[in-house]
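Fold and geometry: a report
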Amino acid sequence: MNRVPMTVAGEAALKAELDQLKRIQRPAIVKAIAEAREHGDLKENAEYHAAREQQGFCEGRIQEIEGKLAESVVIDITSIPVSDKVIFGATVTIINVETDEAVSYQIVGEDEADVKQAKISVTSPIARALVGKEVGETVVVKTPSGAVEYEIDTVEHLA
C-alpha cells in the first residue's frame, strides 16, 4: 500500500465530505429512486435513470474518499519542532531572485492542493525543489517558461 501524506486540515475536509455523502446525499438519492419507481415503467423513466446515475457517482466518491483516508498518513505540522528546514506541511515564503517578489505557500498533499489558497502539492516542481532545503538557501525551479531562482526567506509551522 502506498502511504500518502496529508495535513490535519486535509483529513478533516475529507471526513466532512464523507459524512455529507453518507448522511445526507445517499439517503436523498435512495428516496429519489423510490419515488421514481412509483411512477411506473422503469425503462422509460428518466427520473429513475438520473437518480441511479447520481447514486453511482455518490457511491464511487464514497469509495474514493475511504480509500484515500485509509492510505493517508496524517502529519500535524504543529507537533513537529520548528526549524529552518522546509518539510511537508510547512508554510514557506520564497523570494524570486530576479524580481524580488515574495510569495508564501503551504506544502500539502495532492488532494489538498489549491494555488488560490496558496497551498501547493508536495509533488509539484516548486515543492520538490524546496523540501529539505533551509532558510537562506537558493533553489532553482524548472518552469515551462524556463528556470526560476528563488531564495527561501522563512519557514513557519502554521496549523
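Below, the structure is looked at part by part. (Residues numbered from 1 in each chain as written. Predicted model: local features only at pLDDT ≥ 70, side-chain atom pairs only at ≥ 80, totals over all residues. Heavy atoms only, no water.)

1. Some thoughts on the nonpolar core
Rule in force here: Remark: nonpolar core denotes a set of buried residues (Ala, Val, Leu, Ile, Met, Phe, Trp, Tyr, Cys) joined through side-chain atoms within 4.5 Å. Each residue is assigned to one of three classes by its accessible area relative to the maximum for its type, calculated with a 1.4 Å probe on protein chains only: buried under 20%, partly exposed between the two thresholds, exposed over 50%. The way it works is that DSSP assigns letters per residue, a run of H or I at least four long becomes a helix, a run of E at least two long becomes a strand, and they are numbered from the N terminus. In what follows, residue pairs with any heavy atoms lying within 4.5 Å of each other are defined as contacts.
Among the nonpolar cores identified, the biggest contains 19 residues, and V92, I94, L130 and I152 are the most heavily contacted of them. Those elements that place two or more of their residues in this core are β3 (91-96), β4 (102-108), α3 (125-130), β6 (138-143) and β7 (146-156). Residues contacting V92, with those up to four places away along its chain left out, are V86, V103, S104, Y105, I107, L130, I152 and T154. Formed by 13 residues, the second largest nonpolar core is a distinct cluster that contains L21, A36, C58 and I65.

2. Here's the deal with helix α2 (residues 46-71)
The following threshold applies: What a helix should span is 1.5 Å times the count of its residues minus one. Contacts described as polar in this section are N or O atom pairs within 3.5 Å, which, within protein, must combine one atom able to donate a hydrogen with one able to accept it, while residues neighboring in sequence count only if both atoms come from side chains.
With 26 residues, α2 extends 38 Å between its outermost C-alpha atoms, agreeing within 8% with the 38 Å of an ideal straight helix rising 1.5 Å per residue. Residues of α2 that are buried include every one of Y48, A51, C58, I62, I65 and L69, and no others. For α2, the N-terminal capping position is held by N45, with its side-chain oxygen 3.2 Å away from the main-chain nitrogen of E47.

3. Description of the pairing of β3
Rule in force here: Criterion used throughout: strands pair if DSSP finds at least two bridges between them.
The element β3 is largely enclosed, with a buried count of five among its six residues. Inspection of the sheet shows β3 paired to β4 by five bridges, in the antiparallel sense. Residue pairing across strands places V92 opposite Y105, the latter belonging to β4. What sits between the antiparallel neighbours β3 and β4 is a turn of five residues, in which D100 has the positive phi angle 60°. With six bridges joining them, β3 and β7 adopt antiparallel strand pairing. Within the sheet, the bridge partner assigned to I94 lies in β7 and is I152.

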